[in-house]
Amino acid sequence: MKPKHLILIFSILILAMTISACTGGATIASSWPGVTVDSDTAYVANNRHVYAVNLSNGTQKWRFPAEPDNRNSFYAAPARSPDNQLIVGGYNNTLYSLNPTNGIENWNFPDATNRYIATPLVEQSGIYAPAADENLYALDLAGKIRWELATPGESWAAPVTDESCSCLYLTSLDHRVYAVDPTNGTQIWESESLGGSIVGSPAHDPRGVLYVGTFGNEVIALSTNDGKVIWRAPTEDWVWSGPTLTGDRLYVGDLTGNLYAFNAGDGSEIWQVTADKLDGKIVGSPLVIDEDIYVGTESGKLFNLDTSGNIKWTQTLNGKLYTSPTAAGDLILVASTQPDELLTAFTRQGEKQWTFNPEPKKEE
Amino acid sequence: MWNTLILDPMVNSLLWIYDLLANNFGLAIIAFTIIVRLITYPLTAQQMKSTQKMQEMQKSKKWQEIQKKYKDDREKLSQEQMKLYREMGINPFGSCLPTIIQFPIIIGLYQAVVRALAVTPMQLLELSSHIYPLIPAAVLIPLNNYFLWLDLSQPEKDYGIPIAGFTIPILAILVVVSTYLQSKLMTPPTTGGEQGASMTKAMNLYMPLFMGYLAWSFPSGLALYFVTSNLVGILQYAIMGKLNWRNLLPIRTPSK
């Protein structure tokens, strides 16, 4: 080959690399961490790995896979099964069952044709995993397919069960909520178009109501009998995660950064903490424990508020807090988009207990 | 700056066109590409004019004489060439500057397509910060990313059409063919000597393959842009009567 041709090919390769660099490519995270806890361990799905973190001191117990697979990422929060499995979906279109003690793979289900963004719902009756290929996959606990249901849109949120009617409820980016029979995957009802995508899981009230937040700047209450709208409450901006239901109140944030408390009975607004006080988008659902509300914002701040909306304390982390805070015993766990502070544990009074950094610097 | 001046207007224009064109993102990309090509038409025309002037100058007696006279003194040769450029009122960068200006547009368009399709939570969250209030985003999202057999959000390498056990990347092939046609039809007869001809030939071969690789490995929305842009480019040159059909024929032009 002539040297000039080699120079030309080299230039084209440089151009290809420039384009890849300019366009962002694969190094940018496609989502944010997903967190689940059990009695002594937090399981964090983030980027190339699922990590098991010791709740007592924030050290790593194991990670899966041991060596990163550059074609795969994990962001959906893993789910524990009643028979001691950890179920987690990957961006490689595969659902994995892991041993929660050591992170060893039990089985995998590779039949989806697009990634798993949603956390699967795992019950005694089986696993219900929505994939971005617009299918809801129902598996038994051994990973064998029971049925699959094609849905008109993608679902990015874990389904919710309702034992009173043997239903599961699935929210969809196609602006609707679906009720499905978990025994055979037949659709029981679908809601009307709710005016915007629904990205979060619904909050379920056993008294027969589902609450969802939508990109149509609303929180909407639906009847679990037929999916009909009971009430609508306006927000200033898109609502990303589902509302948190506690007693007769719903707590929810929007992407402008407002936090709302609504009356679950009629959707009337009880109070609102405005974005200027909370300083950043609210993406995750608020965590409510007793009389305390914990909410994270894009600015990296974790707020503790009382149920009247008064800020009690604030802690600031370096990354963005898109993941809902999680309760683990007396600790509040906060996952950040900053890799070196992936998971931080605070006491309920706001004292930092430990930070989990998956790749600590080696001591020289 | 980049977001405000390039990316956000592109994303919002795409969404606006998508809304107008019955929520068909494939048609939106095609329409958007045509609009971008029309807006950048003055640059294309200027590039063509400069190239033509350069071609004419390179054919001139004076140019040929300089080449011969200073063939062993490169420094002097370039000084004389610059002198000649000045005399004839030619900007030597006049033909490549418009191309360089179009480069950020291509990058911006790629980012706009990926951002508008928003197939991951982070992309969708990013998108939410960049939509103008007059765009009815809540109604439009999620965008319908299917067009003909294409999933515009996915690279064709992940879903190409299987024929007789092989996955055929039809869109990537269309990109290769249309890029090849465009480069052949729009390349004026080379006058830069054997070396120049050899470089042009190599470029005409490698560039389509490179574009085909991009089309195969990047989301198909970008590949659709490539095909449309190539076809519109050919059409623009055809309307201006500048297509060089002889380049397609397997006949060697006798050297002068």
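On a predicted model such as this, the values are computed, not experimentally measured, just so you know.

**Some details on the overall build of chain A**
And step 1. Along chain A, the regular secondary structure elements total 2 helices and 32 strands.
And step 2. Against the 2.2 N^0.38 benchmark of 21 Å for 364 residues, chain A shows a C-alpha radius of gyration of 21 Å, consistent with a compact globule.
And step 3. Overall size of chain A, expressed as C-alpha extent along the three principal axes, is 75 × 50 × 45 Å.
And step 4. Every one of the 364 residues in chain A was classed for burial, and the buried ones make up 59%.
And step 5. If you take every contact in chain A between residues at least 6 apart in sequence, the share linking residues at least 24 apart comes to 37%.
And step 6. Carbon and sulfur atoms make up 48% of the accessible area of chain A, which amounts to about 14800 Å² in all.

**Focus on a nonpolar patch on the surface**
Residue and element names in this part refer to chain B.
And step 1. Residues Leu-148, Trp-149 and Leu-174 make up a contiguous nonpolar surface patch of roughly 310 Å² in combined accessible area.
And step 2. Inspection of the secondary structure assignment puts Leu-174 in helix α9 (residues 170-186).
And step 3. On the basis of relative accessible area, Leu-174 is assigned to the partly exposed category, the value being 39%.

**A short note on the packing of helix α4 (residues 61-69) of chain B against helix α5 (residues 74-87) of chain B**
All names here are of chain B.
And step 1. Axis separation between α4 and α5 bottoms out at 10 Å; the angle between their running directions is 170 degrees. Considered as vectors, α4 and α5 are oriented roughly antiparallel to each other. On α5, the residues touching Lys-62, Trp-63, Ile-66 and Gln-67 of α4 are Leu-77, Glu-80, Gln-81, Leu-84, Tyr-85 and Glu-87.
And step 2. Here the contact of α4 with α5 is composed, by residue class, of 5 nonpolar, 2 polar and 3 charged.

**Some points on the state of the cysteines**
Chemically, a disulfide is nothing more than a covalent bond linking the sulfur atoms of two cysteines.
Residue and element names in this part refer to chain A.
And step 1. Enumeration according to the criterion identifies 1 disulfide over all chains in this entry.
And step 2. The residue that forms a disulfide with Cys-165 is Cys-167, at a sulfur-sulfur distance of 1.9 Å.
And step 3. According to the relative accessible area criterion, Cys-165 is partly exposed, its value standing at 34%.

**Looking at the sheet that holds strand β26 (residues 292-296) of chain A**
Residue and element names in this part refer to chain A.
And step 1. As summarised here, the arrangement of the 4 strands in space is β25-β26-β27-β28, forming an open sheet in which the pairing is antiparallel. Of all the strands in the sheet, the pair left with one neighbour each is β25 (287-289) and β28 (311-316). Adjacent strand axes in the sheet meet at a mean angle of 15 degrees when their direction is disregarded.
And step 2. Across 3 bridges, β25 lies against β26 in antiparallel orientation. Residue pairing for β26: Val-288 is matched across the bridge by Ile-293.

**Remarks on the sheet that holds strand β12 (residues 145-150) of chain A**
Residue and element names in this part refer to chain A.
And step 1. What the 4 strands build is an open sheet, ordered β9-β10-β11-β12; its pairing is antiparallel. Edge strands, defined here as strands with exactly one partner in the open sheet, are β9 (121-123) and β12. Between one strand axis and the next, the sheet turns by 15 degrees as a mean value, whatever way the strands run.
And step 2. Direction of pairing for β9 relative to strand β10 (residues 126-131): antiparallel, over a ladder of 3 bridges. Bridged to Leu-121 within β10 is Tyr-128.

**Examining the confidence of the model for chain B**
And step 1. In this model, chain B carries a mean pLDDT of 80, and residues with pLDDT of at least 70 account for 85%.
And step 2. Predicted complex metrics record ipTM = 0.90 and pTM = 0.83.

Parameters and conventions
Residues numbered from 1 in each chain as written. Chains lettered and ligands numbered in written order. Predicted model: local features only at pLDDT ≥ 70, side-chain atom pairs only at ≥ 80, totals over all residues. Heavy atoms only, no water. Helix = DSSP H or I, 4+ residues; strand = E, 2+ residues; numbered from the N terminus. Rg over C-alpha atoms; globule rule 2.2 N^0.38 Å. Buried < 20%, exposed > 50% of the residue type's maximum accessible area, 1.4 Å probe, protein only. Contact = heavy atoms within 4.5 Å. Areas by Shrake-Rupley, 256 points an atom, 1.4 Å probe, with all protein chains shown as cover. Patch = residues over 30% accessible without salt bridge, like charges linked within 9 Å, V, L, I, M, F, W, Y side chains within 5 Å. Salt bridge = Lys/Arg side-chain N within 4 Å of Asp/Glu carboxyl O. Axes fitted to C-alpha atoms, helices over the stretch in contact; angles between N-to-C directions. Parallel < 35°, antiparallel > 145°, perpendicular 65-115°, else oblique. Nonpolar A, V, L, I, M, F, W, Y, C, P; charged D, E, K, R; others polar. Disulfide = S-S within 2.5 Å. Pairing = 2+ DSSP bridges. pLDDT = per-residue confidence, 0-100.

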